[in-house]
Amino acid sequence: MNPSTSRPHVVIVGGGIAGLAAAFFLRDEPVRVTVLEGSPRLGGKLSVSEIAGVPVDEGAEALLVTRPEGTGLIAEVGLAGDRVAPGTTSSAIWTLGALHPLPRRQFMGVPSDLAELARSGTVSGKGVARAGQDLELPPTMRDGDVPVADFVGARFGPEVVDRLVDPLLGGVYAGRSSDLSFDATMPALAAASRRYRSLAEAVGSLLPPLSPVPAGERDRAPAGPRSGGSVFTTLAGGLGQLPAFLAKASGAEVRTTAMTRALSPAPGARGAPDAPGAPGAGPGWRLTVGSAAAADELIDADAVILAVPARPAARLLTGVPGTSAAVTAFGEISYASMAIVTLAYPRSAFPGAGLAALGWSGYLVPAVDGRAVKAVTFSSVKWPHLADVIAPGAEPLEIVRCSVGRIGEEALMQRADEDLAAVAAAELAAATGVHGAPAAHRITRWGGALPQYTVGHLDRVARIRAAVATQPGLAVCGAAYEGVGIPACVATARAAASQVTEFLRGGRQ
Ligand SMILES: Cc1cc2nc3c(=O)[nH]c(=O)nc-3n(C[C@H](O)[C@H](O)[C@H](O)COP(=O)(O)OP(=O)(O)OC[C@H]3O[C@@H](n4cnc5c(N)ncnc54)[C@H](O)[C@@H]3O)c2cc1C
């Protein structure tokens, strides 16, 4: 127990969405909570700033509503009224020289309706014919985890992998289907694929019944449910607003520029080198906070939640006896870096009636096509409220977010800002016909942006969780574990908050 208060002290390392959500979930517990964020800014991968006077997210911009954790958190902090739905989620694939509709009946790009695949034009006639073999091939056996590309490629052939599945995985993980784990990135489909001979049928078993599409719209129908039932939401002022609200609503002491450099059992605690005898000695942790240049600040805690990416988590656990298996497993999780290039154009720069006339919320670009930009969001179309934020009398703006950088494309990330903006603008012009230079641009670089759930990820996470569970009052949460999306991160935060609460209530490990 911390001597300065009768309430146990919980320290959360990392002020991204996971750390702040964990603090929020502890708000009604009889504990004192401190959040230590190493950078000068809260929010981690959530951040919003203005471009051309319009608040546009620099990192995460949309939240899945099919999982309740994200929307539930938004409601709990009182922001439900700020939620906005997308104008359209109808995405395209830019390949084979044109924008083609992403088939509606697909799961992470894995198709279930081969006639629709053929109509979409995303793969060649030869690719469609090869995909059709899925319905005839004997079951594809697999022993343990495999790369997505191996399993999907065995069923549908390489074109479906390259032009559909790889771009969708690239959009979520900035990763490649040849490395990413089938079990970890598509757990529901991986499970269903064991029950069906055909992978198309397995996908079909996961999709909701098809809603009717007017005949004329069939080829351009959006992927996912139709309007009114969108699977995404955001906040009117940007998802990047959420961290500040969470921090305030948590009631925690939230510190920025508070880099945690070391973690160890507190002197006298079980596991500490000077502990009088392992069992029976008290729990407790000591954190060393500050820059290498400044004097160390030591903070004692009864429980600690590590809400940081794999690399800092591994560094901090090296000071904790008994966690070497977790340190090793963390070391096996690599991260992709990326940049978001946000461009603002006057509406008249686009042919016809502007971006909305194209009918898409954006497009994905297959890596095999050799472009720098891997995904584009037509932000002012996807989120119509952004188009409304203009000075009276001014020409409406179109805002476009271009995502650059897959795993292994570090050289691209080293290019100068102006260079990245020029490449993104040139590729956008080739895809959409926009003319002239953007009125404004903004580059946001995300080093270590997204953990790669490569083959064996589930086993790695199990090893981490098993090692952490041996440590009294220690828990972990964040994007490195059971999903990189915000709802998944929030779910791990709730679990971590429950684990330390249970521990502090006396059900000690
Ligand atoms: C460009 C981009 C777009 C995305 N888009 C979406 C989207 O639209 N929808 C969606 O659901 N998900 C999206 N994601 C994924 C999602 O945003 C992230 O997976 C999630 O926000 C990660 O949250 P986190 O709290 O686990 O980690 P982080 O956001 O990485 O937060 C960890 C925090 O820990 C801090 N830290 C690290 N080491 C230390 C230390 N030693 N001491 C103190 N602090 C430390 C870091 O500074 C950071 O603030 C996107 C990700 C990126 C990069």
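Because the structure is a prediction, the values reported are computed rather than measured. (Residues numbered from 1 in each chain as written. Predicted model: local features only at pLDDT ≥ 70, side-chain atom pairs only at ≥ 80, totals over all residues. Heavy atoms only, no water.)

Asks: Any chance you could explain the overall build of the protein here in plain terms?
Replies: Along its length, the protein carries 18 helices and 22 strands. Split into buried and exposed, the 509 residues of the protein put 54% on the buried side. For the protein, restricting intrachain contacts to residue pairs at least 6 apart in sequence, the fraction spanning at least 24 positions comes to 73%. With the model as given, the accessible surface of the protein reaches about 20000 Å², and the carbon-plus-sulfur share is 56%. The averaged location of the 45 negative side-chain charges in the protein is 2 Å from the averaged location of its 44 positive side-chain charges. (Helix = DSSP H or I, 4+ residues; strand = E, 2+ residues; numbered from the N terminus. Buried < 20%, exposed > 50% of the residue type's maximum accessible area, 1.4 Å probe, protein only. Contact = heavy atoms within 4.5 Å. Areas by Shrake-Rupley, 256 points an atom, 1.4 Å probe, with all protein chains shown as cover. Lys, Arg positive; Asp, Glu negative; His and termini not counted. Charge placed at Lys NZ, Arg CZ, Asp CG, Glu CD.)

Asks: Quick question: what am I supposed to make of the sheet that holds strand 11 (residues 232-235) here?
Replies: Picture the strands of a sheet paired through backbone hydrogen bonds; they go either parallel or antiparallel. Here 3 strands make up an open sheet; going across it, the order is 5-11-6 and the pairing antiparallel. On the outer flanks of this sheet lie strand 5 (63-64) and strand 6 (83-84), each paired with one strand and no other. Bridge count between strand 6 and strand 11: 2 bridges; the pairing is antiparallel. Note on strand 11: the bridge partner recorded for Val84 is Thr234. (Pairing = 2+ DSSP bridges.)

Asks: How should the site of the ligand be read in this particular structure?
Replies: Surrounding the ligand, one finds 34 residues, the nearest of these being Glu37, Lys45, Ala62, Val484 and Ile486. Interatomic distance of 3.2 Å between a backbone N/O atom of Ile17 and an oxygen atom of the ligand. Looking at the shell around the ligand, the elements that each hand over two or more residues are helix 1 (17-25), strand 17 (335-346), strand 21 (440-451) and helix 18 (486-505). Among the elements that make up the shell around the ligand, the one with the highest residue count is strand 21 (3 residues). Looking at the shell around the ligand residue by residue, the classes come out as 22 nonpolar, 9 polar and 3 charged. (Near = heavy atom within 4 Å. Polar contact = N/O pair within 3.5 Å; in protein donor to acceptor, adjacent residues only side chain to side chain. Nonpolar A, V, L, I, M, F, W, Y, C, P; charged D, E, K, R; others polar.)

Asks: Sorry if this is basic, but what is going on with the side chain of Arg406 here?
Replies: The topology assignment puts Arg406 in the loop between strand 20 (397-404) and helix 15 (410-413). Within polar-contact distance, the side chain of Arg406 engages the backbone oxygen of Val365 at 3.1 Å. Once residues within four sequence positions are removed from consideration, Arg406 is found in contact with Ala174, Arg176, Ser337, Val365, Pro366, Ala367, Arg371, Ala372, Val373 and Lys374.

Asks: What am I meant to see in the packing of helix 5 (residues 148-156) against helix 6 (residues 158-173) here?
Replies: Packed helices, taken two at a time, are described by the angle their axes make and the gap between the axes. Running from N to C, helix 5 and helix 6 cross one another at 145°; their axes reach a closest spacing of 10 Å. Remark: the crossing between helix 5 and helix 6 carries right-handed chirality. For the pair formed by helix 5 and helix 6, the contact residues are Val148, Ala149, Val152, Gly153 and Phe156 on the first element and Val160, Val161, Val165 and Leu169 on the second. Per-class residue counts for the contact of helix 5 with helix 6 are 8 nonpolar, 1 polar and no charged. (Axes fitted to C-alpha atoms, helices over the stretch in contact; angles between N-to-C directions. Left-handed = near helix turned anticlockwise from the far one by under 90°.)

Asks: Before we go on, may I ask you to explain the packing of helix 11 (residues 310-317) against helix 12 (residues 324-331) in this structure?
Replies: For the pair helix 11 and helix 12, interaxial distance at closest approach is 9 Å and the crossing angle is 155°. The angle between the axes of helix 11 and helix 12 places the two elements in the roughly antiparallel class. Where helix 11 crosses over helix 12, the two elements pack in a sense that is left-handed. Counted together, Ala310, Ala313, Ala314 and Leu317 of helix 11 and Ala326, Val327 and Phe330 of helix 12 form the full contact between these two elements. Residues of the contact of helix 11 with helix 12, tallied by class, amount to 7 nonpolar, no polar and no charged. (Parallel < 35°, antiparallel > 145°, perpendicular 65-115°, else oblique.)

Asks: Got a minute to help me understand the environment of His9 in this structure?
Replies: Secondary-structure assignment places His9 in strand 1 (residues 9-13). On the accessibility criterion, His9 (3% relative accessible area) is buried. Separated by 495 residues in the primary sequence, His9 and Leu504 place their C-alpha atoms 9.6 Å from one another. At a separation of 3.4 Å, a polar atom in the side chain of His9 contacts the side chain of Arg32. Among the polar contacts listed, one links the side chain of His9 to the backbone oxygen of Asp300, at a separation of 2.9 Å.

Asks: Looking at this structure, I do not really get the sheet that holds strand 17. What am I missing?
Replies: A sheet is described by the order of its strands in space; here 7 strands give the open sequence 8-7-18-19-20-17-21, paired in mixed fashion. The open sheet terminates on both sides in strands that have one partner only, identified here as strand 8 (98-101) and strand 21. Strand after strand, the sheet turns through a mean of 30° between neighbouring axes, direction not considered. Summarising the sheet, strand 18 (residues 362-364) and strand 19 (residues 373-377) pair through 3 bridges and their orientation is antiparallel. Across the sheet, the residue bridging to Gly362 is Thr377, located in strand 19. Helix 16 (residues 417-432) rests against strand 7 (91-95), strand 8, strand 17, strand 18, strand 19, strand 20 and strand 21 of the sheet, and its axis sits at about 65° to strand 17.

Asks: When you look at the nonpolar core in this model, what are you seeing that I'm missing?
Replies: Generally speaking, nonpolar side chains in soluble globular proteins are found buried as a group. Ranked by internal contacts, the top residues of the largest apolar core, which has 45 residues, are Val110, Val152, Phe156 and Met186. When residues of this core are assigned to their parent elements, the largest contribution, 7 residues, is made by helix 6. Those residues within four positions of Val152 in sequence are excluded, and the remaining contacts are Val110, Gly157, Val160, Val161, Val165 and Leu199. Among the nonpolar cores identified, the runner-up in size contains 40 residues, and Ile17, Phe24, Val33 and Leu504 belong to it. (Core = buried A, V, L, I, M, F, W, Y, C linked by side-chain atoms within 4.5 Å.)

Asks: Looking at this structure, I do not really get the pattern of salt bridges. What am I missing?
Replies: When charged atoms on two side chains of opposite charge get close, those side chains can pair. Scanning the model with the defined rule gives 21 salt bridges in all. Put simply, Arg176 and Asp166 hold a salt bridge, and the shortest N to O gap is 2.9 Å. Pair noted here: Arg176 is in the loop between helix 6 and helix 7 (182-185) and Asp166 is in helix 6, with a separation of 10 residues, a long-range link. With a relative accessible area of 26%, Arg176 lands in the partly exposed category. Salt bridges linked by common partners bring Glu332, Asp459, Arg460 and Arg463 together as one network. (Salt bridge = Lys/Arg side-chain N within 4 Å of Asp/Glu carboxyl O.)

Asks: Is there a simple way to explain unusual backbone geometry in this structure?
Replies: Across the chain, the bulk of peptide bonds are trans and the bulk of non-glycine residues have phi less than zero. Positive phi is not limited to glycine here, since Leu96 has a value of about 50°. Tracing the sequence through the fold places Leu96 in the loop between strand 7 and strand 8. You will see that Thr257, though not glycine, has its phi angle at about 50°, which is positive. Position of Thr257 relative to the elements: it lies in the loop between strand 12 (253-255) and strand 13 (260-265). Taking relative accessible area as the criterion, Thr257 reaches 58% and is therefore assigned exposed.

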